[in-house]
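Fold and contact review
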Amino acid sequence: MDLKQTKTYIIGNWKMNPASEADAEEMFDEVEDEVYKIDDEKVEVVICPPFVFLSNFDSDGKVKLGAQDIFWENSGAFTGEISADMLRRLGVRYAIIGHSERRQYLGETDEMVNLKIKAALAGKVRPILCIGETLEERQRGDTGEIIVNQVEKALTEIPEKDLIGNLVIAYEPIWAIGSGAVPSPDEVMSIGLLIKKILAKIYGNRVAAESVPILYGGSVNRDNAFDLVDKTGLSGLLIGGASLKPREFVEIVRRFAK
Ligand code: PEP
């Protein structure tokens, strides 16, 4: 089964950075200036800043806006939450869902992830589903089982037609996030193929498997970025730390725009 999609997705997750609006604007402008020079038929560049900065950026420009989370209801008594409707009205096209930091620090469960994906799809915001195993799970040889379980639960009762052209999946081994450790391209490729197989099994055909972009995330930098796509057949990268350094981030983007 071929993993390759036509576009490469380069998605920056700024997490809880930077501290100031001025710094956020400077970082975003630096990325945007560069992205205007490249062929955006080849690369989809998405920046996911903290919610509070989303309205500072041009949502109609070449750099697409993403949120780092979304809530599963559209309005009401849900203190602190942000809905798909609110995001879409700001021009936000994507939302990261189920990032391991939210699962770890905020107790986000697979069931919550499933509700959030449904809400994003209903609200016309593309979900970027994050999945991945811990170091202990990897050492026990449980990676495959964890991935199967996370994908199946995240996609429970979501019709295939809703996913096509919308869902993005990011494989982010937790032990690789922010650690400098990175799995080999062969390992990343085999997880990519596993995710495609799970999609084919859930939906009983290859349409979702062939259309859902699968990305890698975890300690991506200017030196390893190209191989993590080129040698794995994946469709792009979710980048944390290196997305906070606009010069390095655009260097990565440029590499895929050739
Ligand atoms: C992430 O947390 O989504 C991530 C990929 O982080 P980093 O690139 O810093 O490992």
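Just so it is clear, the structure is predicted and the values come from calculations on it, not from any experiment.

1. Some words on the site of the ligand
- Looking at the ligand, there are 15 residues lining it, with Lys-15, His-99, Gly-178, Ser-219 and Gly-241 nearest.
- Contact between the ligand and Lys-15: an oxygen atom at 2.5 Å from a side-chain N or O atom of the residue.
- Between the ligand and the protein, one listed contact pairs an oxygen atom with a backbone N or O atom of Ser-219 at 2.7 Å.
- Here the ligand loses 95% of its free accessible area of 300 Å² to cover by the protein chains.

2. Considerations on the environment of Arg-103
- By the secondary structure assignment, Arg-103 is in helix α3 (residues 100–105).
- As for Arg-103 and Val-113, which are separated by 10 residues in sequence, their C-alpha atoms are 9.2 Å apart.
- Setting aside its immediate chain neighbours within four residues, Arg-103 contacts Gly-98, Glu-108, Asp-110, Val-113, Leu-129, Cys-130, Ile-131 and Gln-150.
- A polar contact of 2.8 Å, which involves the side chain of Arg-103, links it to the backbone oxygen of Gly-98.

3. Examining empty space enclosed by the protein
- Following the criterion strictly, the structure yields 1 cavity of 30 Å³ or more and no others.
- Put simply, the largest cavity is a space of about 50 Å³.
- Along its surface, the largest cavity is lined by Gly-98, His-99, Ser-100, Arg-103, Cys-130, Ile-131, Gly-132, Glu-172, Ile-174 and Ile-177.
- Among the residues making up the lining of the largest cavity, the classes are represented as 4 nonpolar, 4 polar and 2 charged.

4. A short note on the side chain of Glu-34
- Mapping Glu-34 onto the fold places it in helix α1 (residues 21–35).
- Among the residues examined, Glu-34 registers a relative accessible area of 15% and is labelled buried.
- In contact with Glu-34, other than residues within four places in its own chain, are Val-250 and Arg-254.

5. Some thoughts on the sheet that holds strand β4 (residues 94–97)
- Here we have 8 strands rolled up into a closed barrel, ordered β1-β2-β3-β4-β5-β6-β7-β8, and parallel in their pairing. Recorded for the sheet is a direction-independent mean angle of 25 degrees between the axes of neighbouring strands.
- Two strands pair when backbone bridges link them, and strand β7 (residues 214–217) and strand β8 (residues 236–239) are joined in this way by 3 bridges, in the parallel orientation. Across the sheet, residue Gly-217 finds its bridge partner in β8, namely Leu-238.
- Those strands touched by helix α4 (residues 110–122) are β4 and β5 (126–131), and its axis lies near 160 degrees from that of β5.
- Where helix α6 (residues 143–154) meets the sheet, it contacts β5 and β6 (168–171), and its direction lies at approximately 155 degrees from that of β5.

6. Observations regarding unusual backbone geometry
- The omega torsion of the bond from Asn-17 to Pro-18 falls at -10 degrees, within 30 degrees of zero and hence cis.
- Examined against the element boundaries, Pro-18 turns out to sit in the loop between β1 (8–13) and α1.
- At Lys-124, a position not held by glycine, the phi torsion is positive, near 60 degrees.
- Here Lys-124 is to be found in the loop between α4 and β5.

7. What about the layout of surface pockets?
- Taken as a whole, the largest pocket holds about 400 Å³ of empty space.
- In terms of lining, the largest pocket is formed by 18 residues, of which the most central are Lys-15, Gln-68, Asp-69, Arg-102 and Leu-106.
- The dominant element in the lining of the largest pocket, judged by the number of residues it contributes, is α3, at 3 residues.

8. Some words on the pairing of β4
- Alternating positions in β4 separate into two faces, Tyr-94 and Ile-96 on one and Ala-95 and Ile-97 on the other, with burial throughout.
- Taken together, the 2 bridges between strand β3 (residues 64–67) and β4 define a ladder with parallel strand orientation. Across the sheet, the residue bridging to Ala-67 is Ala-95, located in β4.
- In terms of handedness, the path from β3 via helix α2 (residues 84–89) over to β4 forms a crossover that is right-handed.
- One ladder, built from 4 bridges, connects β4 with β5; its direction is parallel. Note that in β5 the partner of Ile-96 across the bridge is Ile-128.

How each quantity is defined
Residues numbered from 1 in each chain as written. Predicted model: local features only at pLDDT ≥ 70, side-chain atom pairs only at ≥ 80, totals over all residues. Heavy atoms only, no water. Near = heavy atom within 4 Å. Polar contact = N/O pair within 3.5 Å; in protein donor to acceptor, adjacent residues only side chain to side chain. Areas by Shrake-Rupley, 256 points an atom, 1.4 Å probe, with all protein chains shown as cover. Helix = DSSP H or I, 4+ residues; strand = E, 2+ residues; numbered from the N terminus. Contact = heavy atoms within 4.5 Å. 1 Å grid on protein atoms, 1.4 Å probe; cavity = no way out; pocket = protein on both sides within 12 Å on 5 of 7 lines; lining within 4 Å. Points joined across faces, edges and corners; volume = space filled by probe spheres on them. Nonpolar A, V, L, I, M, F, W, Y, C, P; charged D, E, K, R; others polar. Buried < 20%, exposed > 50% of the residue type's maximum accessible area, 1.4 Å probe, protein only. Pairing = 2+ DSSP bridges. Axes fitted to C-alpha atoms, helices over the stretch in contact; angles between N-to-C directions. Right-handed = clockwise from strand over helix to strand, strands pointing away.

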